[in-house]
Amino acid sequence: MEERLNQLRASAMERLAAATSPEDLRAVDRDFVGKQGSLSELLASVPSLDPKDRPIVGKGANLLKRDILAEIDKRKGELEAAEIDAQRSGSDFDGTLPAAAATRGSLHPLTLVRREVESIFVSMGYEVLDGPEVELDYYNFQALNIPADHPAREMQDTFYCDREGKLVMRTQTSPVQIRAMERLKPPFRVICPGRVFRNEEPDATHEHTFHQVEGLVVGEDITVGHLSGVLKGFLRQLFQKDIEVRLRPGYFPFVEPGFELDVRCPFCTEGCRTCKNTRWIEFCGCGIVHPKVLSAGGIDPESWTGFAFGFGLDRLVMLRYGIDDLRHFMGGDLRFLEQF
Ligand code: FA5
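Residues numbered from 1 in each chain as written. Predicted model: local features only at pLDDT ≥ 70, side-chain atom pairs only at ≥ 80, totals over all residues. Heavy atoms only, no water.

**Brief notes about the environment of tyrosine 160**
Argument step 1. Position of tyrosine 160 relative to the elements: it lies in the loop between helix H6 (137-140) and strand S3 (167-169).
Argument step 2. Taking the C-alpha atoms as reference, tyrosine 160 lies 9.7 Å from glutamate 135; in sequence the two are 25 residues apart. (Helix = DSSP H or I, 4+ residues; strand = E, 2+ residues; numbered from the N terminus.)

Structural data, given as structure tokens:
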């Protein structure tokens, strides 16, 4: 009986050593350990054996079963490792094939247009400045001729950052006007692109977080002619054609006189959805810098004059690419972003 067990062990181990596939391993399992297998047959015959042989055969068969199952497991691991090695360095590896293309991100449309705006103004001799997004109430309002309790504060619903109302999320890029005046000696010309915040319910043309580009020129005898000339020159470069503009009176406490500048709709000649059939599109607030603002910035209003403007970058990007809803910009939808 022991001899029969030894024979079974030798033949099972020989087949396992020669196995080259998972099927070979399953066949050994079936032929030796499975219900119809040799070991099961042997165990079934135990009751008919001589009583003294029964424990020897029973124990031996169970031990052999355990050893065969362990060897199957071991061989399975070895075969899998060999297969991975073969795939890595085997015959079907073609080192001349091009590598899988890496997926590349793209710049956000706001970044693309902001860079374009910056390079146009830089080509006109402007310096690009930055300013803090969390701003002192002083720079965002007071120094811009908007004292506390001034009704103009209601034009921009503000996120305050502290109980005393000293710190705000800036509602406009205009505070950088004051910071620029404090730092630079006239004459100078600067633009300041940046993120601004207002407590507004988002819709297709409004966001609580959006972007503006501020412009400020301080020099001698600055006039409204300089202001409209610069903005026209900028728009010509941006849209690569002459764009008619018009000035309407507009109220901003930090400019006097103040205007809203509208541009001729670049998309139509007879009215369209973008210009709401008016043929004009509101482009920015602007005007001649108020003497009180120059003084607040440490510049003598008797000697120097200036103009300032501020436009919404998001709305410019919408115009540029024909985007109908400004909420796409912050929505994080890759299907939108991948188009740029
Ligand atoms: C201002 O913020 C002034 N600081 C502009 C200015 C600068 C006037 C210098 C005079 C001199 P206004 O609140 O109109 O103005 O905003 C300017 C532009 O920001 C608007 O023309 C519009 O394009 C954009 N804008 C305003 N509110 C939103 C909003 N909620 N979402 C997106 N864009 C907005």
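**Side note on the nonpolar core**
Argument step 1. Counting residues in hydrophobic clusters, the biggest one holds 43 residues, and the most contacted among them are Val117, Phe234, Phe283, Phe307, Phe309, Phe311 and Leu316.
Argument step 2. Of all elements in the fold, only helix H5 (109-123), strand S5 (209-219), helix H8 (224-239), strand S7 (255-264), strand S8 (280-289), strand S9 (305-312) and helix H10 (313-321) reach the threshold of two or more residues within this core.
Argument step 3. Looking at this core element by element, the count peaks at seven residues for H8.
Argument step 4. In this structure phenylalanine 283 touches Phe234, Leu235, Leu261, Asp262, Val263, Phe311, Gly312 and Leu316, once residues within four positions along its chain are discounted.
Argument step 5. Grouped together as the second largest cluster of nonpolar side chains are 25 residues, Tyr139, Ile146, Leu184 and Val218 included. (Core = buried A, V, L, I, M, F, W, Y, C linked by side-chain atoms within 4.5 Å. Buried < 20%, exposed > 50% of the residue type's maximum accessible area, 1.4 Å probe, protein only. Contact = heavy atoms within 4.5 Å.)

**Remarks on the layout of surface pockets**
Argument step 1. The computed volume of the largest pocket comes to approximately 1,400 Å³.
Argument step 2. Those elements giving two or more residues to the lining of the largest pocket turn out to be S5, S7, S8, S9 and H10.
Argument step 3. If one sorts the elements of the lining of the largest pocket by residue count, S8 sits on top with eight residues.
Argument step 4. Its residues assigned to classes, the lining of the largest pocket shows 21 nonpolar, 13 polar and 12 charged. (1 Å grid on protein atoms, 1.4 Å probe; cavity = no way out; pocket = protein on both sides within 12 Å on 5 of 7 lines; lining within 4 Å. Points joined across faces, edges and corners; volume = space filled by probe spheres on them. Nonpolar A, V, L, I, M, F, W, Y, C, P; charged D, E, K, R; others polar.)

**Points about H8**
Argument step 1. Helix length check: H8 (16 residues) gives 22 Å between terminal C-alpha atoms against 22 Å at 1.5 Å per residue, within 8%.
Argument step 2. Residues of H8 that are buried include every one of Leu227, Ser228, Val230, Leu231, Gly233, Phe234, Leu235, Leu238 and Phe239, and no others.
Argument step 3. In this structure, the buried side of H8 is in contact with H5, strand S6 (245-249), S7, S8, S9 and H10.
Argument step 4. A side-chain oxygen of the first residue of H8 lies 3.1 Å from the backbone nitrogen of glycine 225; this N-cap is threonine 223.
Argument step 5. A positive backbone phi angle near 55 degrees is found at glutamine 240, which sits one or two residues after H8. (Expected span 1.5 Å × (residues − 1). Polar contact = N/O pair within 3.5 Å; in protein donor to acceptor, adjacent residues only side chain to side chain.)

**With respect to the pattern of salt bridges**
Argument step 1. Applying the stated rule across the entire model yields 21 salt bridges.
Argument step 2. Glutamate 71 is paired through a salt bridge with lysine 74; the nearest N and O atoms lie 3.9 Å apart. With glutamate 71 and lysine 74 both in helix H4 (residues 53-89) and three residues apart, this pair spans about one turn of that helix.
Argument step 3. With a closest N to O distance of 2.6 Å, glutamate 116 and arginine 320 form a salt bridge. With glutamate 116 in helix H5 and arginine 320 in helix H10, this residue pair connects regions lying 204 residues apart in the sequence.
Argument step 4. For arginine 320, a relative accessible area of 30% translates into the label partly exposed.
Argument step 5. Several salt bridges converge on common partners, so that one network encompasses Arg246, Arg248, Asp262 and Glu282. (Salt bridge = Lys/Arg side-chain N within 4 Å of Asp/Glu carboxyl O.)

**Some words on the sheet that holds S6**
Argument step 1. Judged by pairing direction, the sheet is mixed, and its seven strands sit side by side in the order S1-S4-S5-S9-S8-S7-S6 without closing on themselves. The sheet is open, and its two borders are formed by strand S1 (127-128) and S6, each paired with just one other strand.
Argument step 2. One ladder, built from five bridges, connects S8 with S9; its direction is antiparallel. Bridged to cysteine 286 within S9 is phenylalanine 309.
Argument step 3. Where H8 meets the sheet, it contacts S6, S7, S8 and S9, and its direction lies at approximately 35 degrees from that of S9. (Pairing = 2+ DSSP bridges. Axes fitted to C-alpha atoms, helices over the stretch in contact; angles between N-to-C directions.)

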